[in-house]
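Secondary and tertiary structure notes
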Amino acid sequence: MGTGERNQEAHVPEATTGATGDEYGTAAGTTGAGRTSGTATSSPATPTPRTLAEALRSRPDSSLAVLLRARPDLLNPVPGDLTQLATRAGTRASVVRALERLDRFALQSAQALAVAPDPAPYDVLLALLSGDDGDREIEAALPGALNKLREQALVWGPDDRLRLVRTARELLAPSPAHPSPTGLGPTVAEATAGMSPGRVQEILQAVGLAATHDPVSAVASLTSLFTDRRRMSELLDTAPPEALGVLDRLVWGPPYGEVSADPAPPVRWLRDHGLLLPTSARTLVLPREVALHLRAGRAHRAPEPVAPAVAPAREYAPRIVDTTAAGQALTALTMIEDLLAEWDEGGPAVLRAGGLSVRDLKRTAVALDTTEQTAAFWLELAYAAGLLASDGEADERYAPTPACDDWLELPPADRWSRLAAAWLSATRTPGLVGGQDTRGRTLSALGPDLDRSPAPEVRHRVLTLLARLPEGAAPDPGTLLERLRWEHPTRTGPEDLRSKLAQWTLEEGELLGITGRGALSAHGRALIEPAASQQSTTLLGLSAAAALAPHLPEPVDHVLLQADLTAVAPGPLRRPLAATLNVLADIESKGGATVYRFTPASVRRALDAGQAASDLHAFLAAHSRTPVPQPLSYLIDDVARRHGHLRVGAASSYVRCDDDALLDEIVADKRSAALRLRRLAPTVLAAQADPASLLELLRAMGYAPAAESAEGDVVIARADTRRTPPRTPPVPVPDGPPLPDDTLLGAAVRAIRAGDEAATVVRKEPPSTTAAPAEQGTLPRTTPAETLATVQAAAMTGSAVWIGYVNADGAASQRVIAPVRVEGGFVTGYDHTADEVRTYPLHRITGVAELADDSA
């Protein structure tokens, strides 16, 4: 099998020995030295580590910080020493999380190590990945992949003795219950473990090997044959062609096959020659050594040492991309503003289980003139930005928050940047709306079950990959998804959540205006610039707003009135003008220019809000670049003339009018029969309906009534804005522990080093014969008198001592302190473990020992 296989054969005995001692523990004779050594290979000055704890102890502080940053779950709580850190790094939950974050080639390297001898030389690992013919890309990429595995404490040891953490080996090694992604089966030694010695000797005789005196040497002889390329090829040359076909079907996995009680001659030949070994009465398995020979030494059918490139699908001029994205950003602002205006007086009710009903979602989609799925996106975006929330009342409803008023006053670019930053960091996933949860319930917009922890990471990664393309290039979605699957192979598949999140990111980024025609815009790049990790969200938002502002049109302060009772806004209107015009007219169409239409109902709406006819004429004259058309002036005067002629108040309700002929007309109208009107006086009618219904029906009949207060004054129906109490935006659900910052990492590394020094420092045995000898890692035990005398002597000489201490909660710890004062039953000194001056009660010190070498 070539050089790689000969090395593998030479190390077969090692595979059965396992790790020396406790893999995660502290070997005898270990010291706290070696902080500055960062090399992973053995040298005359650096002894080969025997445990993972020793390997971590030889790392520099910067390397420990890299480990804790890559695996933040190891920091909760901060380990007391490096032995605890190594133990925690080998737990199943932590190893599974670390494996999930490996890219495909790093994972393939770990999988290859899991089927290699333990420990394995670097050359064996390289041979398993590149095969007999070698592969330059694999040779170039393997050191980086191995370094990543070492950094994350999944692999340790020098290059001539690479060890996979035991838990990772158990997860990745082949077994009948958990097949390996490599498709390899058990080794010859593992497959023949339950086989009778006589049967093993029969196999030796069938393949032409001499009989041996014991099963161990027989298995070793058979393994030697299967790992010898020349002899193995000669054996296969004698196999029937049908037998080789059987091997071809098993070679890349799964390696197990079922047979009948009387197998076919080709299968019988393979079984008799040990090329297939029985695992049960009806099951045969292809031994690992045979499969590797047939694969030309490769553990994987298709190693992927290089990440697939994201290919551009189309390219546009950057200016076109930026202007297209800016136009869509402006549309996004309009949609959010329209949504807030739609719910300004109070939105739909909150479902008992939380969220928005399907009917209310449809109504919102109609109001926004969009699809239900897109409406759900705008709803979730406003909610994530803290602009919408539930009011928390007994009759709980959705409404804008007080923060929306401040948001509406910001410049357009700043408003957009806040929306984009909220979307980028939100874990809520609008794409799930309309789907079903694990219990078959429909997921509703604004509901409680839309948080998906990987969403921010996937969004940021997709935009980062887009930023690496040439400016103006739109990606091919297929290659983009393939790249994401390479980066997280265990967490990504054709139909899994991360793939869907990536697809939704492309769609939502286009809706929000981060991308234009599929390509990342300049203001989109500002959101994910390389320095993003060092900048706050606020600074990134300001940077993105500054990049977007030049591409947004300036708000205009005028409209163009036309004779057909419409007004054209040639661009985005300034807020006071837009607010007044939205009351006075109805929006007929949107786009580059918004068209407003004046109707009797819209004019009456403005009059109900407290405007007079003269105010409306003055407003239009001041903000129109064209003369006010005569039909529009007549419309305003006609509606104003009739407005308020009828008065509606609460009796249960009544209609009052000075013109009794008009009241006669209303009573005679068949459409008023539902009101059950009754004349109380020549100018007053009573109705069996509430005032709101009475107003609505009279307006539907073509009249222009006005509401009246209990004092007889006209009620101005100005829009009564409704706001929730102050609300904070929904907090993203983290995907695991939060990433530690540099300050926390530095403090954690110092604490771990100090605890490790206290646990491994060489100590003198106390002189008293009554004191129990302290074993490695246990608390010292001395009498109170000996404790007091030792710490007093240390305070006089300025030396450091090692103490055992039990706090008020009963937690025991070891510490190295330099006493400076002993009085009143307390000792005060510099605690090297905590890196600060502390005071300890003497009665809580279990014992004290002098240091053999005052290294503290």
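Residues numbered from 1 in each chain as written. Predicted model: local features only at pLDDT ≥ 70, side-chain atom pairs only at ≥ 80, totals over all residues. Heavy atoms only, no water.

A word on the overall build of the protein
- A tally of regular secondary structure across the protein gives 35 helices and 25 strands.
- A separation threshold of at least 6 residues defines the contact pool for the protein, and within that pool the share at least 24 residues apart is 66%.
- By element, 53% of the accessible surface of the protein is carried by carbon and sulfur atoms, the whole surface being about 39,800 Å². (Helix = DSSP H or I, 4+ residues; strand = E, 2+ residues; numbered from the N terminus. Contact = heavy atoms within 4.5 Å. Areas by Shrake-Rupley, 256 points an atom, 1.4 Å probe, with all protein chains shown as cover.)

Quick word on the nonpolar core
- Grouped together as the largest cluster of nonpolar side chains are 90 residues, with contacts concentrated most on Leu56, Leu68, Leu85, Phe226, Leu275 and Leu276.
- Apart from the residues lying within four places of it in its own chain, the contact partners of Leu275 are Phe226, Met232, Leu235, Leu236, Leu247, Trp269, Leu270, Val285, Leu286, Pro287 and Val290. (Core = buried A, V, L, I, M, F, W, Y, C linked by side-chain atoms within 4.5 Å. Buried < 20%, exposed > 50% of the residue type's maximum accessible area, 1.4 Å probe, protein only.)

Quick word on the pattern of salt bridges
- Summed over all chains, the structure comprises 41 salt bridges.
- Taking the shortest distance from any N to any O, the salt bridge between Glu482 and Arg485 comes out at 3.8 Å. In this pair, Glu482 and Arg485 are both assigned in helix H24 (residues 477–487), three residues apart and thus about one turn of the helix distant.
- Close ionic contact of Asp669 with Arg671 constitutes a salt bridge, the shortest N to O distance being 2.9 Å.
- For Asp669, a relative accessible area of 18% corresponds to the buried category.
- Arg671 sits in the partly exposed class, given a relative accessible area of 48%.
- Residues joined by salt bridges that share partners form a network here, namely Arg104, Glu304, Glu482 and Arg485. (Salt bridge = Lys/Arg side-chain N within 4 Å of Asp/Glu carboxyl O.)

Observations regarding the sheet that holds strand S3 (residues 256–258)
- As summarised here, the arrangement of the three strands in space is S3-S5-S4, forming an open sheet in which the pairing is antiparallel. Looking at the sheet topology across the chains shown, the edges are occupied by S3 and strand S4 (277–278). (Pairing = 2+ DSSP bridges.)

Comments concerning the pairing of strand S18 (residues 678–681)
- Where S18 and strand S19 (residues 684–686) come together, three bridges link them in antiparallel fashion. Residue Arg679 lies in a different strand from S19, and its bridge partner there is Leu685.
- Following S18, the chain reverses through two residues before pairing antiparallel with S19.

Focus: the sheet that holds strand S13 (residues 566–569)
- Read from one edge to the other, the open sheet built from four strands follows the order S12-S13-S15-S14, with strand pairing classed as antiparallel. Lying at the two open borders of the sheet, with one neighbouring strand each, are strand S12 (560–562) and strand S14 (586–589). Put simply, the sheet's adjacent strands are angled 30° from each other on average, direction ignored.
- Bridging between S14 and strand S15 (residues 594–597) involves three bridges; their strand directions are antiparallel. Each bridged residue has a counterpart across the sheet, and for Ser589 the counterpart in S15 is Val595. (Axes fitted to C-alpha atoms, helices over the stretch in contact; angles between N-to-C directions.)

As for helix H18 (residues 318–342)
- For H18, spanning 25 residues, the distance from its first C-alpha to its last is 36 Å, which sits close to the expected 36 Å at 1.5 Å a residue.
- Looking only at H18, the buried set comprises Val321, Asp322, Ala325, Ala326, Ala329, Ala332, Leu333, Met335, Ile336, Leu339 and Leu340. (Expected span 1.5 Å × (residues − 1).)

Comments concerning unusual backbone geometry
- The step from Asn76 to Pro77 runs through a cis peptide bond, and the omega angle for that step is -5°.
- Within the secondary structure, Pro77 sits in the loop between helix H4 (61–70) and helix H5 (82–89).
- The residue after Gly253, namely Pro254, is reached through a cis peptide bond having omega -5°.
- Here Pro254 lies in the loop between helix H15 (241–250) and S3.
- The phi angle at Arg517 is positive, at roughly 60°, despite the residue not being glycine.
- Its location among the elements puts Arg517 in the loop between strand S10 (515–516) and strand S11 (519–520).
- Unlike most non-glycine residues, Arg676 shows phi in positive territory, near 50°.
- If you trace the backbone, Arg676 turns up in the loop between helix H32 (660–668) and S18.
- Take Arg676: its relative accessible area is 60%, and that puts it in the exposed class.

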